[in-house]
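Fold and geometry: a report
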Amino acid sequence: RNDLIVNPIANLELQSIIFSLIKKLKFTSFLKKGANETTRSIRKNLATLVILAADADPLEIILHLPILCEEKRILYIYIPSKIELGRYCGIQRSVIACSLELNENMSYLNELNRIRSII
């Protein structure tokens, strides 16, 4: 059931790039963690990439996020593990969603463009 809903899902190479970027941003204001902060980031048109946990339980908690992303033309991707996402976000708990708020003149743009080309 979830295989149809959870799409696109990141392969190992893409996960590595995404986690590397999150790790660099984890103590900055450019990384928004959790479903509520991510929703706010999307609605304010600040998000440039949204990362969702495919194993969120229940999955319905985050199902509104891909719809918002598509309406606002924001890139989104699923990764397999909420625990791993939480670890890379610098939190002891699992994270079911996060967003990156990067602007055009930031040094992280190369990684973001690599992610865009793969998705």
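Just above, that's the structure.
On to the environment of Ser 81. As for its position among the elements, Ser 81 is in the loop between strand 3 (75–79) and helix 5 (82–88). Residues Ser 81 and Ile 61, spaced 20 residues apart in sequence, show a C-alpha to C-alpha distance of 15 Å. Contact partners of Ser 81, with chain neighbours within four places excluded, come to Ala 53 and Asp 55. A polar contact is formed between the side chain of Ser 81 and the backbone nitrogen of Ile 83, at a distance of 3.3 Å.

Here the focus is the packing of helix 2 (residues 12–25) against helix 6 (residues 109–118). Packing of helix 2 against helix 6 leaves a shortest axis separation of 10 Å and a crossing angle of 155°. Here helix 2 lies roughly antiparallel to helix 6, going by the angle between them. Between helix 2 and helix 6 lies a crossing of left-handed hand. Residues Glu 13, Leu 14, Ile 17, Ile 18, Leu 21 and Lys 24 of helix 2 touch helix 6, and the partners they reach there are Glu 111, Leu 112, Arg 114, Ile 115 and Ile 118. Of the residues contributing to the contact of helix 2 with helix 6, the split by class is seven nonpolar, no polar and four charged.

Once that is clear, we can look at the packing of aromatic side chains. For the structure on display, the rule yields two aromatic pairs. Between the aromatic rings of Phe 19 and Tyr 88, the centroid separation amounts to 4.3 Å while the plane-to-plane angle is 5°, which identifies the pairing as stacked. Of the two residues, Phe 19 is situated in helix 2 and Tyr 88 in helix 5; the sequence distance between them amounts to 69 residues. Take Tyr 88: its relative accessible area is 22%, and that puts it in the partly exposed class. Arranged with centres 6.4 Å apart and planes meeting at 85°, the rings of Tyr 76 and Tyr 78 form a pair that is edge-to-face. Tyr 76 sits in the buried class, given a relative accessible area of 12%. Overall, Tyr 78 belongs to the buried group, its relative accessible area being 1%.

The subject of this paragraph is the nonpolar core. In this structure, Ile 18, Ile 22, Ile 51, Leu 85, Cys 98, Leu 100 and Leu 102 are the most contacted members of the largest nonpolar core, which totals 24 residues. Listed by contribution, the elements that provide at least two residues to this core are helix 2, strand 2 (49–53), strand 3, strand 4 (97–100) and helix 6. Per element, the largest residue contribution to this core is seven residues, and it comes from helix 2. If you look at the next biggest cluster of nonpolar residues, it comprises 18 residues, including Val 6, Ala 54, Leu 59 and Ile 96.

Our next topic: the sheet that holds strand 4. Within a sheet, neighbouring strands are paired by backbone hydrogen bonds and run either parallel or antiparallel to one another. Taken together, the four strands give an open sheet; going across it, the order is 1-4-2-3, and neighbouring strands pair in mixed fashion. Whereas interior strands pair on both sides, the edge strands pair on one side only; in this sheet they are strand 1 (31–33) and strand 3. Here the average twist between neighbouring strands, direction ignored, is 20°. Pairing geometry for strand 2 and strand 3, over five bridges, is parallel. Looking at strand 3, one finds that Ile 51 is bridged to Ile 77. The strands touched by helix 3 (residues 35–43) within the sheet are strand 1, strand 2 and strand 4, with strand 4 carrying the most contacts at an inclination of about 35°.

Calculation notes
- Every chain is numbered on its own, with residues counted from 1 as its sequence reads.
- The predicted nature of this model means local features are confined to residues of pLDDT at least 70 and side-chain atom pairs, given and counted, to a pLDDT of 80 or more, with totals for whole chains, interfaces and linings taken over all residues.
- Hydrogen atoms and water are omitted, and side-chain values are computed over all heavy atoms in the structure.
- Where helices and strands are cited, they refer to DSSP runs of H or I of at least four residues and of E of at least two residues respectively, numbered from the N terminus.
- Here, two residues are considered to be in contact whenever any of their heavy atoms come within 4.5 Å of each other.
- Two N or O atoms form a polar contact when they lie within 3.5 Å of each other; inside protein one atom must be a possible hydrogen donor and the other a possible acceptor, and for residues adjacent in sequence the pair counts only when both atoms belong to side chains.
- For helices, the axis comes from a line fit to the C-alpha atoms of the stretch in contact; other axes are also lines fit to C-alpha atoms, and the angle between any two N-to-C directions lies between 0 and 180 degrees.
- Roughly parallel means an angle under 35 degrees; roughly antiparallel, over 145; roughly perpendicular, 65 to 115; everything else is oblique.
- Left-handed is the label given to a crossing in which the near helix is rotated counterclockwise from the far helix by less than a right angle, and right-handed is the label when the rotation is clockwise.
- Gly counts as polar in this scheme, as do all residues outside two lists: the nonpolar Ala, Val, Leu, Ile, Met, Phe, Trp, Tyr, Cys and Pro, and the charged Asp, Glu, Lys and Arg.
- Stacked, tilted and edge-to-face are the three classes applied to pairs of Phe, Tyr and Trp rings, where Trp contributes its six-membered ring and a pair requires centres within 6.5 Å; stacked means planes under 30 degrees apart, edge-to-face means over 60, and tilted covers the rest.
- Accessibility here uses a 1.4 Å probe with only protein chains present; expressed as a share of the type maximum, an area under 20% marks a residue as buried, one over 50% as exposed, and anything in between as partly exposed.
- Here, the term nonpolar core denotes a set of buried Ala, Val, Leu, Ile, Met, Phe, Trp, Tyr and Cys residues that are joined through side-chain atoms within 4.5 Å.
- A pair of strands is considered paired only if DSSP assigns at least 2 bridges between the two.

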